[in-house]
Amino acid sequence: MKKMLAILLVLAIACTSVFAQGSSEPAKGGTVKIGALIRNLNEQFVKDYADNLKKLAAEKGIELNLQDGQGDVARQLDQLNTLITQGYKYFVIIPQDTSVTEQMAQQIKAAGGGAAFSNIQPSVAALKVGKDFYLASSPELVAGQYQAQIVDEYFSKYPDKAPGKVLNTLYLEGQLGHPAQISREAGFVDELTKLGYKVNFVAKDTADWSPDKAQEKMDTWLAAHSGKFNLVVAQNDGMALGAVESLITNGLTKKDASDGTILTVPVLGIDATADALNSMDQNKLYATVLQDSVGQSSTAFELAYAMATKGTAYGMTAWGIKPASTVISEAPANDAAVIGQCYLVPFKPVTKANYKELM
């Protein structure tokens, strides 16, 4: 009788172990673990994104291990390997480079997990690794289109500032080859062309998203192209604010701000950071476009949390956003095979009409 009881006890323990391993739910009293691989916390938008992740994790009582890749692909891959070794399976990732996202997805899949790629788009191939690899980001083309529409609104009010609808533009780009650098410029130029403008780049170069580099670049351009431009556009707010400081330092200001700026030409950015909004409030920066750090990070977090607690996030609504159903021109959401894994967080134009709503 004792032998029979012992056998039954062993079988019960074995079955419990099997069921526990097969369940995606954390063990009772256990801690949900999510890894966050963030490409570079030096950028304000990315820092805001990471801060919201920390807030969401604290509210849920989960263990969030957030790593700063410091702009280094190799470092970020090492961080992924380390977290997987430490038992992390589910991730929020702002990758340093799209080209490594398939490799990252393959490693995570081998560990039995999944990831929400955000802010920097993953490749189509990365999402094809498995159904629990997602995009939680904003289509960069739209940001450029919104900048173009703001420009059109301005010069429609003040046509004498752009005779013949010619826009002589100083254009500050982000990291060359970055998906945002490519798509934001394409959206900007294509939309303005459709609106009947000729976009002439008096000067165009990268300032690597940096305010300091943008200010230095602008100082050089102002010396070389004084009086030859009527517009300054930057691919993020940091560079836009660097341009603003350069214009002010070089005396390109006016007392009359009735057109929305004390600068002699309008300056536009993208992100709608707190510093950018404050600059708009002081009639310096003319306008920006909201890239929603809270929206992107919350969507990515909810997808990762669902995977960690339910085993999958496929088909769910995250942060009120449903998976996309229609392909767009921008990868990876341009492939019908993975469109259901793409969560598109909308951009929003920010002008004098609505900027205070965000302050």
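Basis of the calculations
- Residues numbered from 1 in each chain as written.
- Predicted model: local features only at pLDDT ≥ 70, side-chain atom pairs only at ≥ 80, totals over all residues.
- Heavy atoms only, no water.
- Helix = DSSP H or I, 4+ residues; strand = E, 2+ residues; numbered from the N terminus.
- Buried < 20%, exposed > 50% of the residue type's maximum accessible area, 1.4 Å probe, protein only.
- Contact = heavy atoms within 4.5 Å.
- Lys, Arg positive; Asp, Glu negative; His and termini not counted.
- Charge placed at Lys NZ, Arg CZ, Asp CG, Glu CD.
- Pairing = 2+ DSSP bridges.
- Axes fitted to C-alpha atoms, helices over the stretch in contact; angles between N-to-C directions.
- Right-handed = clockwise from strand over helix to strand, strands pointing away.
- Phe/Tyr/Trp six-rings, centres within 6.5 Å; stacked < 30°, edge-to-face > 60°.
- Lys NZ or Arg CZ within 6 Å of the ring centre and 35° of its normal.
- Expected span 1.5 Å × (residues − 1).
- Arc of directions from axis to C-beta.
- Polar contact = N/O pair within 3.5 Å; in protein donor to acceptor, adjacent residues only side chain to side chain.

A. Structural detail: the overall build of the protein. What the protein contains, in helices and strands, is 11 helices and 12 strands. Dimensions of the protein, computed from C-alpha atoms along their principal axes, come out at roughly 100 × 35 × 35 Å. Counting the 359 residues in the protein, one finds 50% classified as buried. Relative to all contacts within the protein whose residues are 6 or more apart in sequence, the contacts with residues 24 or more apart total 70%. Taken as two groups, the 32 positive and 37 negative side-chain charges of the protein have centres that lie 6 Å from each other.

B. Structural detail: the sheet that holds strand E8 (residues 231-234). Across the sheet, which stays open at both edges, the 4 strands sit in the order E7-E6-E8-E9 with parallel pairing between neighbours. Lying at the two open borders of the sheet, with one neighbouring strand each, are strand E7 (198-206) and strand E9 (267-268). As paired elements, strand E6 (residues 166-173) and E7 share 8 bridges and run parallel to each other. By the bridge assignment, Asn 168 is partnered in E7 with Asn 200. With respect to the sheet, helix H8 (residues 211-224) is in contact with E6, E7 and E8, its orientation differing from that of E6 by roughly 145 degrees.

C. Fine view of the pairing of strand E1 (residues 33-38). Counting buried positions along E1 gives 5 out of 6 residues, so the element sits mostly inside the fold. Where E1 meets strand E2 (residues 63-68), 6 bridges bridge the pair, whose relative direction is parallel. Paired with Ile 34 across the strands is Leu 64, a residue of E2. As a crossover connection, the stretch from E1 through helix H2 (residues 44-60) into E2 is right-handed. In this sheet, strand E3 (residues 90-94) lies alongside E1 in parallel orientation, the contact comprising 4 bridges. When the bridges of E3 are listed, Ala 36 appears paired with Val 92.

D. Fine view of the packing of aromatic side chains. Applying the stated rule across the entire model yields 7 aromatic pairs. Residues Tyr 171 and Phe 201 carry aromatic rings whose centres are separated by 5.1 Å and whose planes lie at 55 degrees to one another, so their mutual orientation is tilted. Residue Tyr 171 is found in strand E6, and its partner Phe 201 is found in strand E7; the two are separated by 30 residues along the sequence. By relative accessible area, Phe 201 is classed as partly exposed at 24%. Three or more aromatic residues joined by ring pairs make a cluster, and in this case those are Tyr 154, Phe 155, Tyr 158 and Tyr 286. Here the basic side chain of Lys 161 rests over the ring of Tyr 158, its NZ or CZ set 5.8 Å away from the ring centre. Over the face of the ring belonging to Tyr 197 we find Lys 165, whose NZ or CZ atom lies 4.4 Å from the ring centre.

E. Seen up close, unusual backbone geometry. In this structure, the amide linkage connecting Ala 331 to the following residue, Pro 332, adopts the cis form with an omega of 0 degrees. In this fold, Pro 332 is placed in the loop between helix H11 (293-310) and strand E11 (342-344). The phi angle at Gln 70 is positive, at roughly 55 degrees, despite the residue not being glycine. Considering the arrangement of structural elements, one finds Gln 70 in the loop between E2 and helix H3 (73-85). Unlike most non-glycine residues, Asn 283 shows phi in positive territory, near 60 degrees. Mapped onto the fold, Asn 283 is located in the loop between helix H10 (274-281) and strand E10 (288-290). Since its relative accessible area comes to 26%, Asn 283 is described here as partly exposed.

F. Highlighting H8. The first and last C-alpha atoms of H8 sit 20 Å apart over 14 residues, in line with the 20 Å expected at 1.5 Å per residue. Every buried residue belonging to H8 is among Ala 214, Met 218, Trp 221 and Leu 222, and all of these are buried. All buried residues of H8 fall inside an arc of 100 degrees around its axis, so they share one side. Among the exposed residues of H8, those pointing more than 90 degrees away from its buried face are Asp 212, Glu 216, Thr 220 and Ala 223. In this fold, the buried residues of H8 make contact with E6, E7, E8 and helix H9 (237-249). One side-chain oxygen of the residue at the start of H8 lies 3.3 Å from the amide nitrogen of Asp 212, identifying that residue as Ser 210.

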